[in-house]
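Read off the chains here:
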Amino acid sequence: MAAMPAVRSVYVCQQCGAESPKWSGQCPSCAAWNTLVETVVARPAPGARARERASAAAAASIEPIGQVSSAEAIRLTSGINEVDRVLGGGLVPGSIVLFSGDPGIGKSTLLLQLAARLATAGMPVLYVTGEESAAQVRGRAERVDAVVEGLGLVATTDLAAAIGAIESTAPALAVVDSVQSLSSAELGGPAGSVGQVREVATRLAEVAKAGSTCVALVGHVTKEGTVAGPRTLEHLVDAVIYLEGERLGATRLLRAAKNRFGSTDEVGVLEMRGDGLVEVPDASRFFLESEQPPVAGSAVTIALEGTRPLAVEIQALVAPAGVGSPRRATTGIDVSRVLMLIAVLARHAGLNLTGHDVYVNVAGGLRIDEPAADLAVATALASSLRERPVRAGTVLAGELSLAGRLRPATRPERRLAEARRLGFERLVTGRARDDGAAVPAPAGLVTASDVRGALAVTLEER
Ligand code: TYD
Ligand code: MG
């Protein structure tokens, strides 16, 4: 039998990270097209695996389960609550966390601030920059008040040099900015290629696991197909945190897409200022611009971003259209969802918007994808068209079907409680199918079964 070559190729899907032994146009795992990229992997020499296992088994110590400490892991808390909460209480020593987001969204800024906070609290931090020069990072550090003791900088694009620096200093936190800018000399292929990105993440995960350093890895979300997307990294890291927001707006949302040490439901709200990212303490109020008494065209929903309810104002403007086809423009919400709601209003509530321009805006720069926002959008449109404000003290949450039925929002009590905290009195939502039976609705919860019924209770009488 011929000896196995020391190096072989696999084909790695850039979308889902699945490996295939041969190339094909479509990923056999996730069915994405043209996402397989050849990646060279080193194969250990015959016998090496067995030897490795034998020595590893000797090194691994077996502990009776009763003697294993179950204490909640120590957390590196930054004191930036919006960030600590999303992380599940802080960063965990010996873990690797991927911080992902669009280029320019503020990942480097966030991690530099996090690094400075930890360093100030006596936890040494190493910041590895492969993307910007040390001088550029220093410039940013001056802006965000991060020129502090205990924060070391290394500018390198070489993975081995980065690992060497981490191992020799054993910091509490090592920021690696970014996974796409580092590469291993042992592996072919340019920095940012699927093979390199996986190698960088794998090796850094090993470094984190071997010691008590937490590795915070920055990864750009990139147009699929150009370089490895963070999706291919998700299973290599302990947590994936996304920083999102509109490039031009100042609001930034921090979310966990995966978190081995906490829930993935939490949302952190931050604002990009001239001196870095600052916390938005009472986020719910932040997304609320509503005037009291309410004006026509405005409706408030309580969105459930994870476990955290957020009061969000939806603004609609309906105005007679000029010549040509009417305009439909939205900010912060999918325009096709609004088109569907316009059709539902026409068909099931007798509100015809064909001769009108329609503008819908989500206040505060937030983006809403939750179908439970349907009722607030439909109500804002109806309110603007009829020039009748929403009844004072009312918030709305519920998904509308094409048939005009109103579905109940998930966790209505949670949403109602947040509405109450902000001074609202009632939440209008869909009626559960088995309603009318034993469980009485809590005070303040008003239900309707369809869009027409909902509008009858939400809009002010004229
Ligand atoms: P950056 O952290 O470099 O983004 P990323 O690492 O995700 O690519 O942030 C880039 C943007 O943030 C840039 O457009 C400038 C802006 N910014 C501020 O508004 N205020 C600040 O204090 C800093 C440091 C950056
Ligand atoms: Mg950056």
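All values reported here derive from a predicted model rather than from experimental measurement.

Student: Hey, could you run me through the packing of helix 8 (residues 335–349) against helix 11 (residues 451–458) in this one?
Tutor: Two quantities define a packed helix pair, namely the angle between the helix axes and the distance between the axes. Across the interface, helix 8 lies against helix 11 with an axial gap of 9 Å and an inter-helix angle of 90°. Relative to helix 11, the element helix 8 is oriented roughly perpendicular. On the side of helix 8, the interface is formed by V344, L345, H348 and A349, while helix 11 contributes V451, R452 and L455. In terms of residue class, the contact of helix 8 with helix 11 is made up of five nonpolar, one polar and one charged.

Student: When you look at the environment of R414 in this model, what are you seeing that I'm missing?
Tutor: Mapped onto the elements, R414 comes out in helix 10 (residues 412–421). Between the alpha carbons of R414 and I302 there is a distance of 9.3 Å; along the sequence they are 112 residues apart.

Student: How should I be thinking about the pattern of salt bridges in this particular structure?
Tutor: A side chain with one charge may pair with a side chain of the opposite charge, provided their charged atoms come close. Applying the stated criterion across every chain, the model contains 16 salt bridges. Note that R421 is salt-bridged to E418, the shortest N-O span being 3.0 Å. Pair noted here: R421 and E418 are both in helix 10, with a separation of three residues, about one helical turn. Of the residues examined, R421 reaches a relative accessible area of 43% and is grouped as partly exposed. By sharing partners, the salt bridges in this structure join R337, D374, E399 and R407 into a single network.

Student: What should I look at first to understand the nonpolar core in this one?
Tutor: Looking at soluble globular proteins, one finds that nonpolar side chains tend to be buried together. Counting 46 residues, the largest nonpolar core has F287, V312, L345, V360, L366, V377 and L381 as its most contacted members. Secondary structure elements with two or more residues in this core: strand 11 (267–273), strand 13 (298–305), strand 14 (308–320), helix 8, strand 16 (356–362), helix 9 (374–386) and helix 11. If sequence neighbours within four positions are ignored, F287 has contacts with T251, L253, V269, L310, A311, V312, E313, A363, G364 and L366. Listed in part, the 38 residues of the second largest apolar core include L76, L111, V125 and V218.

Student: I keep staring at the side chain of R140 and nothing clicks. Help me out?
Tutor: Looking at where R140 falls in the secondary structure, it is placed in helix 4 (residues 134–143). A distance of 2.8 Å separates polar atoms of two side chains, one belonging to R140 and the other to E132. Once you skip the residues sitting within four places of it in the chain, R140 turns out to touch S108, T109, L112 and E132.

Student: Mind showing me how you'd approach helix 3 (residues 107–120) here?
Tutor: Owing to its 3.6 residues per turn, the α-helix aligns residues three or four sequence positions apart on the same side. Taking 1.5 Å per residue as the helical rise, helix 3 with its 14 residues ought to reach 20 Å, and the 20 Å between its terminal C-alpha atoms agrees with that figure. A large share of helix 3 lies buried, amounting to twelve of its 14 residues. All buried positions along helix 3 are accounted for by K107, S108, T109, L110, L111, L112, Q113, L114, A115, A116, L118 and A119. Among the residues trailing helix 3, G122 stands out with phi positive, at a value near 90°.

Student: I'm lost on the site of ligand 1 in this one. Help?
Tutor: Taken together, 16 residues form the shell around ligand 1, and within it G104, S108, T109, R273 and G276 come nearest. In this structure, an oxygen atom belonging to ligand 1 sits 3.3 Å away from a main-chain N or O atom of I105. Look at ligand 1: alone it shows 550 Å² of surface, and the protein chains cover 77% of it. Listing elements by their share of the shell around ligand 1, those giving two or more residues are helix 3, helix 4 and strand 11. At three residues, helix 3 tops the list of elements feeding residues into the shell around ligand 1. Residue classes in the shell around ligand 1 are distributed as four nonpolar, six polar and six charged.

Student: Whenever I open this one, the sheet that holds strand 7 (residues 173–177) confuses me. Can you help?
Tutor: Strands in a sheet are paired, the pairing made by backbone hydrogen bonds, and the direction either parallel or antiparallel. Spatially, the nine strands line up as an open sheet ordered 6-5-7-8-4-9-10-11-12, and their pairing is mixed. In this open sheet, the two strands that pair with only one neighbour each are strand 6 (151–155) and strand 12 (276–279). Pairwise comparison of adjacent strand axes, ignoring direction, gives a mean angle of 25° for this sheet. Where strand 7 lies against strand 8 (residues 214–220), five bridges are found, and the strand directions are parallel. From the neighbouring strand, V176 faces strand 8, where its bridge partner is L217.

Student: Can you help me understand unusual backbone geometry in this one?
Tutor: Apart from glycine, the bulk of residues carry a negative phi angle, and the bulk of peptide bonds sit in the trans form. Here D177 and S178 are connected by a cis peptide whose omega angle stands at 10°. Tracing the chain through its elements places S178 in the loop between strand 7 and helix 6 (194–210). Phi angles above zero are rare outside glycine, and D145 is one such case at about 60°. Take D145: it is sitting in the loop between helix 4 and strand 6. Residue A170 is not a glycine yet carries a positive backbone phi of 40°.

Rules and cut-offs
- Residues numbered from 1 in each chain as written.
- Chains lettered and ligands numbered in written order.
- Predicted model: local features only at pLDDT ≥ 70, side-chain atom pairs only at ≥ 80, totals over all residues.
- Heavy atoms only, no water.
- Axes fitted to C-alpha atoms, helices over the stretch in contact; angles between N-to-C directions.
- Helix = DSSP H or I, 4+ residues; strand = E, 2+ residues; numbered from the N terminus.
- Parallel < 35°, antiparallel > 145°, perpendicular 65-115°, else oblique.
- Contact = heavy atoms within 4.5 Å.
- Nonpolar A, V, L, I, M, F, W, Y, C, P; charged D, E, K, R; others polar.
- Salt bridge = Lys/Arg side-chain N within 4 Å of Asp/Glu carboxyl O.
- Buried < 20%, exposed > 50% of the residue type's maximum accessible area, 1.4 Å probe, protein only.
- Core = buried A, V, L, I, M, F, W, Y, C linked by side-chain atoms within 4.5 Å.
- Polar contact = N/O pair within 3.5 Å; in protein donor to acceptor, adjacent residues only side chain to side chain.
- Expected span 1.5 Å × (residues − 1).
- Near = heavy atom within 4 Å.
- Areas by Shrake-Rupley, 256 points an atom, 1.4 Å probe, with all protein chains shown as cover.
- Pairing = 2+ DSSP bridges.

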